[in-house]
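Structural overview
Okay, here's what each chain looks like letter by letter:
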Amino acid sequence: MKNSQSTYSVVAIPYYGSVARPGQGFENIYIFAAVNRENGAIDNTWVESWTGRTANELAIWLARNNVNGIFSDGYSLALEKALSGWDIWSHWEVTGEIHDIVEEHWRKHIHSAA
C-alpha cells in the first residue's frame with residue numbers, strides 16, 4: 001500500500017499523546033503528518049479518526065492510510081506486533097509537539113544514516 005517512490009513519509013501521532021488510554025482502549029484520534037524524506041520537514045498535517053477496537057484493526061487502518069510510522073508517549077506490545085506485520089515502524093515513549101518529534105527523529109535516525 002505504501003509508495004516507496006514517494007518523496008514523503010506519513011507519520012501518525014495519537015492526538016492525546018498516548019496510543020492507549022486506561023479504561024478506554026486505543027486512542028481514536030490521530031494527527032497525521034506528511035514528512036519530506038529529503039529534509040524531514042513537515043509539509044502537511046491533518047486529523048483522522050478511527051473507530052476500531054483492537055491492535056490489529058488499528059494497524060490495518062494505519063496501513064490503509066499509508067502510514068509509515070507512529071510516535072507515541074505510551075507503549076502497546078500488541079500494537080507493536082500488529083504494526084510489524086504491516087511494516088510500520090514505531091517509536092514509543094516520545095512526547096512533545098509533532099514538529100519537534102519529527103525533526104528529532106529525522107536528525108537521529110534518517111539524516112545520520114545517509
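Everything discussed here concerns the structure shown above.
Just so we're clear, the structure is a prediction, and the values are computed from it rather than from any experiment.

Turning our eyes to something else, we now look at the packing of aromatic side chains. Any two aromatic rings considered together are summarised by their centre-to-centre distance and by the angle between their planes. For the coordinates displayed, the defined rule picks out 6 aromatic pairs. On the basis of an interplanar angle of 85° and a centroid distance of 5.0 Å, the ring pair of Tyr15 and Tyr16 is categorised as edge-to-face. When its relative accessible area of 42% is taken as the criterion, Tyr15 is described as partly exposed. The class for Tyr16 is exposed, based on a relative accessible area of 53%. With a centroid separation of 5.3 Å and an interplanar angle of 85°, the aromatic rings of Tyr75 and Trp92 are classed as edge-to-face. On the criterion of sequence distance, the pair formed by Tyr75 in the loop between β6 (69-72) and α2 (77-84) and Trp92 in strand β7 (residues 89-92) is long-range, its members being 17 residues apart. A connected cluster of aromatic rings, assembled from ring pairs, spans Tyr30, Phe32, Trp46 and Trp61.

Glancing now at a nonpolar patch on the surface. Among the surface-exposed residues, Tyr15, Tyr16 and Val47 lie close enough to one another that they form a single nonpolar patch of about 340 Å² accessible area. Position of Tyr16 relative to the elements: it lies in the loop between β1 (8-14) and β2 (20-21).

What follows is about the nonpolar core. If you look at the biggest cluster of nonpolar residues, it comprises 20 residues, and the most contacted ones within it are Val19, Tyr30, Phe32, Leu58, Leu62, Leu79 and Leu83. Listing elements by their share of this core, those giving two or more residues are β1, β4 (29-36), α1 (55-64) and α2. Ranked by residue count, the leading element in this core is α1, at 6 residues. If we skip the residues at most four places from it in the chain, Leu62 touches Ala12, Phe32, Val67, Ile70, Leu83 and Ile88. Counting 9 residues, the second largest nonpolar core, distinct from the first, contains Val11, Ala33, Val35 and Phe71.

Here the focus is α1. When we look at burial in α1, the residues that qualify are Ala55, Leu58, Ala59, Trp61, Leu62 and Ala63. Those residues of α1 that are buried are in contact with β1, β3 (25-26), β4, β5 (42-49), β6 and α2. Once α1 ends, the next one or two residues include Asn66, with phi positive near 60°.

Before going further, it helps to examine the pattern of salt bridges. Opposite charge on two side chains makes pairing possible when the charged atoms of those side chains draw close. Tallied over the entire structure, the rule returns 1 salt bridge. Where Glu104 meets Lys108, a salt bridge forms, and the shortest distance between an N and an O atom there is 2.9 Å. Of this pair, Glu104 and Lys108 both sit in helix α3 (residues 98-110), 4 residues apart, roughly one helical turn. Assessed through its relative accessible area of 47%, Lys108 is described here as partly exposed.

Reading the values: rules and limits
Residues numbered from 1 in each chain as written. Predicted model: local features only at pLDDT ≥ 70, side-chain atom pairs only at ≥ 80, totals over all residues. Heavy atoms only, no water. Phe/Tyr/Trp six-rings, centres within 6.5 Å; stacked < 30°, edge-to-face > 60°. Buried < 20%, exposed > 50% of the residue type's maximum accessible area, 1.4 Å probe, protein only. Helix = DSSP H or I, 4+ residues; strand = E, 2+ residues; numbered from the N terminus. Patch = residues over 30% accessible without salt bridge, like charges linked within 9 Å, V, L, I, M, F, W, Y side chains within 5 Å. Areas by Shrake-Rupley, 256 points an atom, 1.4 Å probe, with all protein chains shown as cover. Salt bridge = Lys/Arg side-chain N within 4 Å of Asp/Glu carboxyl O. Core = buried A, V, L, I, M, F, W, Y, C linked by side-chain atoms within 4.5 Å. Contact = heavy atoms within 4.5 Å.

Any link to function would need more than the numbers given here.
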